[in-house]
Amino acid sequence: MSEFLEKIIAIPFWSKFAESHGFLAMLSLILFGASLSLYFFSDKIKSALIWFKVAVTALFVDILLLDMFGLTIYVPYRAEGGPRTLLKASAENSWLHNIVFEHKEFLAFAPLILTLIACLIVWKLGDSFSDKGKVYWLRKSVLSALFLSLVFVLIVAGEAVLVTKTAPL
């Protein structure tokens, strides 16, 4: 056990930070699953609406932290001799930064905005969110925001893995 702890402690700070960023990305997938599942029960079971609010709020906080961690990791990525330098130095791999990473940078903010909107609608409507008739389109907009956000997170995660496998932090 002591050898395990020594090895964990020996991992550089930025590697641990990048792993935390990856953990937040995996946690977001769990929260997306919970939110989408609870959405369909929110009009049938009273406690499901309460848990739906919690799950959507936790998802927004997770995406916010995920973006903040991503922006922080961008510092060592851009550092001289860092992954960005390695990618741009190779004509064969420069497209990974010029196209994939640049796309990933801008797309990463869309889930944050979409989950914020979903969260605000759910909390503003309160218990009336479960009334399908009156708030039909608002319910559908929350579902659309969550689903579209999930798709964007999956695209960004795939692009991140592609870049990281070629030039790790």
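What counts and how
- Residues numbered from 1 in each chain as written.
- Predicted model: local features only at pLDDT ≥ 70, side-chain atom pairs only at ≥ 80, totals over all residues.
- Heavy atoms only, no water.
- Helix = DSSP H or I, 4+ residues; strand = E, 2+ residues; numbered from the N terminus.
- Buried < 20%, exposed > 50% of the residue type's maximum accessible area, 1.4 Å probe, protein only.
- Contact = heavy atoms within 4.5 Å.
- Areas by Shrake-Rupley, 256 points an atom, 1.4 Å probe, with all protein chains shown as cover.
- Lys, Arg positive; Asp, Glu negative; His and termini not counted.
- Charge placed at Lys NZ, Arg CZ, Asp CG, Glu CD.
- Salt bridge = Lys/Arg side-chain N within 4 Å of Asp/Glu carboxyl O.
- 1 Å grid on protein atoms, 1.4 Å probe; cavity = no way out; pocket = protein on both sides within 12 Å on 5 of 7 lines; lining within 4 Å.
- Points joined across faces, edges and corners; volume = space filled by probe spheres on them.
- Nonpolar A, V, L, I, M, F, W, Y, C, P; charged D, E, K, R; others polar.
- Axes fitted to C-alpha atoms, helices over the stretch in contact; angles between N-to-C directions.
- Parallel < 35°, antiparallel > 145°, perpendicular 65-115°, else oblique.
- Polar contact = N/O pair within 3.5 Å; in protein donor to acceptor, adjacent residues only side chain to side chain.

Here's the deal with the overall build of the protein
Alright, step 1. On a plain count of helices and strands, the protein comes out with seven helices and zero strands.
Alright, step 2. What you see in the protein, going N to C, is helices and strands ordered as α-α-α-α-α-α-α.
Alright, step 3. For the protein, the spread of C-alpha atoms along the principal axes amounts to about 60 × 45 × 20 Å.
Alright, step 4. Counting the 169 residues in the protein, one finds 37% classified as buried.
Alright, step 5. Partitioning the intrachain contacts of the protein with sequence separation of at least 6 by distance along the chain shows that 75% fall at a separation of at least 24.
Alright, step 6. Carbon together with sulfur atoms contributes 73% to the accessible area of the protein, which is approximately 10000 Å² in total.
Alright, step 7. Here the protein carries 15 positive and 13 negative side-chain charges, and the mean point of each set is 10 Å from the other.

Looking at the pattern of salt bridges
Alright, step 1. Applying the stated criterion across every chain yields a total of two salt bridges.
Alright, step 2. One salt bridge connects Lys-44 with Asp-43, and the closest N-O pair in it is separated by 3.4 Å.
Alright, step 3. Given the relative accessible area of 58%, Lys-44 is considered exposed.
Alright, step 4. Residues Lys-46 and Asp-127 are paired through a salt bridge, measuring 3.4 Å at the closest nitrogen-oxygen approach. With Lys-46 in helix α3 (residues 46-78) and Asp-127 in the loop between α6 (109-125) and α7 (136-166), this residue pair connects regions lying 81 residues apart in the sequence.

Quick look at the layout of surface pockets
Alright, step 1. Taken as a whole, the largest pocket spans an internal volume of roughly 1000 Å³.
Alright, step 2. Surrounding the largest pocket, 36 residues form its lining, His-21, Ile-73, Lys-104, Ala-160 and Thr-164 being those nearest its centre.
Alright, step 3. If you list the elements that add at least two residues to the lining of the largest pocket, you get α2 (13-41), α3, α5 (94-107), α6 and α7.
Alright, step 4. At nine residues, the largest contribution of residues to the lining of the largest pocket is made by α7.
Alright, step 5. In terms of residue class, the lining of the largest pocket is built from 26 nonpolar, five polar and five charged.

Topic: the packing of α5 against α6
Alright, step 1. Viewed as axis vectors pointing N to C, α5 and α6 meet at an angle of 15 degrees, and their least axial separation amounts to 5 Å. In terms of their interaxial angle, α5 and α6 are classed as roughly parallel. Residues Glu-105, Phe-106 and Leu-107 of α5 form the contact with α6, whose own contacting residues are Phe-109, Ala-110 and Pro-111.
Alright, step 2. Partitioned by chemical class, the residues of the contact of α5 with α6 number five nonpolar, no polar and one charged.

Here's the deal with the side chain of Arg-139
Alright, step 1. Mapping Arg-139 onto the fold places it in helix α7.
Alright, step 2. We note that Arg-139 is buried and unpaired, the nearest opposite charge coming from Asp-43 at a distance of 4.1 Å.
Alright, step 3. There is a polar contact of 3.2 Å between the side chain of Arg-139 and the side chain of Ser-42.
Alright, step 4. Aside from chain neighbours lying at most four places away, what touches Arg-139 is Tyr-39, Ser-42, Asp-43, Phe-129, Ser-130, Asp-131 and Lys-132.

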